Amino acid sequence: MSDHAKKMAAEAALEYIKPGTVVGVGTGSTVNYFIDALASMKHDIDGAVSSSKASTERLKQHGIAVFDLNGVSELPVYVDGADEINRHRQMIKGGGGALTREKIIAAVADRFICIADKSKLVTALGDFPLPVEVIPMARSYVARQLVKLGGDPVLRDDFVTDNGNVILDVYNLNIGRPIELEEKLNQITGVVTNGLFASRGADIALLSDGQTLTTLD
Ligand SMILES: O=C[C@H](O)[C@H](O)[C@H](O)COP(=O)(O)O
């Protein structure tokens with residue numbers, strides 16, 4: 001049921017892709033369905049920019065050109081999944097560890113389309129532990145600062161991001177004010193970025209329970 005829901009949400013995103021443009025592509029199991037669907041448009045689009053080595057590999061397997069973001073000045077749409085999303089379309093992301101590159105591409109894009117299984121829709125963010133990408137030598141310092149903020153950071157085992165950094169998954173944070181917390185966490189020296197996508201949330205969310213599609217915009 002969940003896989004079908006992810007596929008349905010992913011395929012619905014094709015409607016937002018305009019021919020002759022570069023498409024921003026996120027990371028994760030839902031995005032994998034989107035990449036597979038995007039292959040049907042590969043002769044219509046210019047290509048893609050990708051938020052992870054895994055997505056780049058999958059795009060290339062489908063024969064979709066992948067560009068360096070630095071060479072792309074216009075990005076009408078970015079499509080990505082979420083670990084949690086609220087009614088304001090603010091999200092927790094980074095369950096797959098791709099949060100930093102995802103946030104960079106999201107910043108460039110005109111529109112962020114979130115695709116997800118409807119079970120990701122929550123009334124309050126924070127049941128899912130918040131991923132924080134950290135420069136390795138700052139790991140202990142950042143963890144102590146996160147504890148001071150009320151969180152319980154856990155080092156993600158045997159995991160290195162595409163940028164060569166580590167992830168602290170932070171449990172029990174109070175995310176009552178997502179925009180403020182996003183900014184505060186990013187100010188801790190050694191933090192590369194955190195998985196709150198609140199100041200730049202999704203513009204449109206396509207959520208599916210496997211039967212119907214719900215659009216939040
Ligand atoms: O780092 C991973 C990304 O933020 C994903 O978008 C997120 O974890 C959701 O992934 P999935 O579609 O596999 O649930």
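See the structure above.
Not measured: the values here are computed from a predicted model. In this convention, every chain numbers its residues from 1, walking through the sequence in written order. In view of the model being predicted, local features appear only for residues whose pLDDT reaches at least 70, and side-chain atom pairs are presented and counted only at 80 or more, with totals across whole chains, interfaces and linings using the full set of residues.

Asker: Give a description of the overall build of the chain that names residues and reports values.
Answerer: Here a helix means four or more residues in a row that DSSP labels H or I, a strand means two or more in a row labelled E, and each is numbered from the N terminus. Assigned secondary structure in the chain consists of six helices and 13 strands. Principal-axis analysis of the C-alpha atoms places the extent of the chain at approximately 50 × 35 × 30 Å. Taking all 217 residues of the chain together, the buried fraction comes to 48%. Taking all contacts inside the chain whose residues are at least 6 apart in sequence as the whole, residues at least 24 apart take part in 73%. Exposure in this text rests on C-beta crowding, where 20 or more other C-beta atoms within 10 Å of a residue's own make it buried, 12 or fewer make it exposed, and counts in between make it partly exposed. The C-beta atoms are placed from the backbone. With C-beta atoms placed from the backbone, a contact is any residue pair whose C-beta atoms sit within 7 Å.

Asker: Let's hear about the packing of helix α1 (residues 2–12) against helix α2 (residues 29–38): which residues, and what values?
Answerer: At a minimum axis separation of 8 Å, α1 and α2 run at an interaxial angle of 50 degrees. Considering the angle they form, α1 stands oblique to α2. In this structure, α1 meets α2 at a crossing whose hand is right-handed. For the pair α1 and α2, contact is made by Lys-6, Lys-7, Ala-9, Ala-10 and Glu-11 and by Ser-29, Thr-30, Tyr-33, Phe-34 and Ala-37, respectively. For this classification, Asp, Glu, Lys and Arg are treated as charged, while Ala, Val, Leu, Ile, Met, Phe, Trp, Tyr, Cys and Pro are nonpolar and the rest, including Gly, are polar. Taken together, the residues of the contact of α1 with α2 break down into five nonpolar, two polar and three charged. Axis lines are fitted through C-alpha atoms, for helices just across the contact stretch, and the angle between N-to-C directions can take any value from 0 to 180 degrees. Any angle from 65 to 115 degrees is called roughly perpendicular, while one under 35 is roughly parallel, one over 145 is roughly antiparallel, and all others are oblique. The handedness criterion is simple: a crossing whose near helix is rotated anticlockwise from the far helix by less than a right angle is left-handed, and one whose near helix is rotated clockwise is right-handed.

Keep in mind that these numbers describe shape and distance, not what the molecule does.
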